[in-house]
Amino acid sequence: MSTFTVRPATAADLGAIRDIYNYYVAHSTCTYQIEPETADERAAWFRERSAKYPATVAQDSDGAVIGWASLSPWKSRCGYAWAAEASVYIHHEHHRRGIGKALLLDLIERARAAGLHTIIGGASSDQTASLALQYAVGFKEMGVFREVGRKFDRWLDVTYTQLILPSV
Ligand SMILES: CC(C)(COP(=O)(O)OP(=O)(O)OC[C@H]1O[C@@H](n2cnc3c(N)ncnc32)[C@H](O)[C@@H]1OP(=O)(O)O)[C@@H](O)C(=O)NCCC(=O)NCCS
């Protein structure tokens, strides 16, 4: 099995990031987005990334970007400044190679280095892989909102999870 590395994303990665994501827009309830994301939307997302709210990618040994992760503000009010929300998406042909776990563990270290106190996770409750990954790195289930999403003609529950970051 080939190896991969995790590094900060660059503007050159945005096409691959969008392709990975748009597969799930079309095929999965792991995102409730219905219409494919445009290049402009992904570029705007990238402009909002920073040391505190980073974007990272996993790069395969052949140079291909095969996964990405990011932190985003949990809510905009100032008092939420120490909480962030995590996203991780792995190319659908590269699951179960440890890439998602490596990206999420790297995000946790970046969050701690940036002074964040907690990371909010969660997923559509039918997304067992996503939730299993979060539990594998220490996130705990916080609650379930019933039927707050709708995609592919069915109501969807969302399970929220949380990790309090270990203090140094
Ligand atoms: C969820 C996702 C990111 C997991 O990425 P991955 O690279 O396949 O996961 P990893 O190989 O790093 O798995 C790490 C651990 O997570 C758990 N896990 C991952 N996928 C799993 C699955 N399909 N079923 C059960 N457990 C799973 C396991 O504990 C696994 O450890 P193990 O392989 O030693 O058993 C990937 O399936 C994905 O991109 N899904 C679509 C997008 C998504 O749901 N993102 C999360 C929401 S932001």
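Values in this document were obtained by computation on a predicted structure and should not be read as measured data.

A.B. asks: Would you take a moment to explain the packing of helix α1 (residues 14–27) against helix α2 (residues 39–47) for this structure?
C.D. replies: The relative placement of two packed helices comes down to the angle between their axes together with the axis-to-axis distance. Two elements in contact, α1 and α2, have axes separated by 10 Å at closest approach and are oriented at 115°. Judged on the interaxial angle alone, α2 and α1 are roughly perpendicular. Our pair here, α1 against α2, has a crossing hand that is right-handed. Contact with α1, carried on its side by Leu 14, Ile 17, Arg 18 and Tyr 21, involves Ala 39, Arg 42, Ala 43, Trp 45 and Phe 46 of α2 and no other residues of that element. Residue classes in the contact of α1 with α2 are distributed as seven nonpolar, no polar and two charged.

A.B. asks: Quick question: what am I supposed to make of the nonpolar core here?
C.D. replies: Within soluble globular proteins, side chains that are nonpolar generally end up buried alongside one another. Ranked by internal contacts, the top residues of the largest apolar core, which has 20 residues, are Leu 71, Leu 104, Ile 108, Ile 119, Phe 139 and Leu 165. Those elements giving two or more residues to this core turn out to be β3 (65–73), β4 (83–90) and α3 (99–113). Here this core gets six residues from one element, more than from any other, and that element is α3. Leaving out residues up to four positions away in the same chain, Leu 165 has contacts with Ile 108, Ala 111, Arg 112, Leu 116, His 117, Thr 118 and Ile 119. Judged by nonpolar contacts, the second largest core, of 13 residues, contains Leu 14, Tyr 21, Ala 55 and Val 65.

A.B. asks: Explain unusual backbone geometry here, please?
C.D. replies: With glycine set apart, most residues show a phi of negative sign, and most peptide bonds adopt trans. A positive phi angle, near 50°, is found at Glu 147, a position not held by glycine. Structurally, Glu 147 is set in strand β6 (residues 140–151). Look at Glu 147 and you get partly exposed, because its relative accessible area is 49%. One non-glycine residue, Asp 153, adopts positive backbone phi at about 60°. Its place among the elements puts Asp 153 in the loop between β6 and β7 (154–164).

A.B. asks: For this particular structure, what's the right way to read the pairing of strand β2 (residues 55–60)?
C.D. replies: Two faces, one strand: in a regular strand the side chains alternate between the faces of the sheet. β2 sits mainly inside the fold: five of its six residues count as buried. Pairing between strand β1 (residues 4–8) and β2: five bridges, direction antiparallel. Paired with Arg 7 across the two strands is Val 57, which belongs to β2. In the sheet, β2 pairs with β3 via five bridges, with the strands oriented antiparallel.

A.B. asks: Would you mind going over the site of the ligand with me for this structure?
C.D. replies: Looking at the ligand, there are 18 residues lining it, with Val 88, Arg 96, Gly 98, Gly 100 and Lys 101 nearest. With respect to the ligand, the backbone of Gly 98 contributes an N or O atom lying 2.8 Å from an oxygen atom. Here the ligand, which alone exposes 910 Å², has 74% of that area covered by the protein. Of all the secondary-structure elements, those providing two or more residues to the shell around the ligand are β4, α3 and α4 (128–136). Top element by residues in the shell around the ligand is α4. It accounts for five residues. Classifying every residue of the shell around the ligand by side-chain character gives 10 nonpolar, five polar and three charged.

A.B. asks: How should I be thinking about the sheet that holds β3 in this particular structure?
C.D. replies: In sheet architecture, strand pairing relies on hydrogen bonds along the backbone and comes in two forms, parallel and antiparallel. Spatially, seven strands are ordered β1-β2-β3-β4-β5-β7-β6 in an open sheet, and the strand pairing comes out mixed. The two strands at the open ends of the sheet, each matched to only one other strand, are β1 and β6. Direction aside, neighbouring strands of the sheet carry axes that sit 25° apart on average. Along the sheet, α1 makes contact with β2, β3, β4 and β6, crossing β3 at roughly 85°. Strand contacts of α3: β1, β2, β3, β4, β5 (118–124) and β7, with the helix running at about 155° to β4, the strand carrying the most contacts.

Each value, and the rule that gives it
- Residues numbered from 1 in each chain as written.
- Predicted model: local features only at pLDDT ≥ 70, side-chain atom pairs only at ≥ 80, totals over all residues.
- Heavy atoms only, no water.
- Axes fitted to C-alpha atoms, helices over the stretch in contact; angles between N-to-C directions.
- Helix = DSSP H or I, 4+ residues; strand = E, 2+ residues; numbered from the N terminus.
- Parallel < 35°, antiparallel > 145°, perpendicular 65-115°, else oblique.
- Left-handed = near helix turned anticlockwise from the far one by under 90°.
- Contact = heavy atoms within 4.5 Å.
- Nonpolar A, V, L, I, M, F, W, Y, C, P; charged D, E, K, R; others polar.
- Core = buried A, V, L, I, M, F, W, Y, C linked by side-chain atoms within 4.5 Å.
- Buried < 20%, exposed > 50% of the residue type's maximum accessible area, 1.4 Å probe, protein only.
- Pairing = 2+ DSSP bridges.
- Near = heavy atom within 4 Å.
- Polar contact = N/O pair within 3.5 Å; in protein donor to acceptor, adjacent residues only side chain to side chain.
- Areas by Shrake-Rupley, 256 points an atom, 1.4 Å probe, with all protein chains shown as cover.

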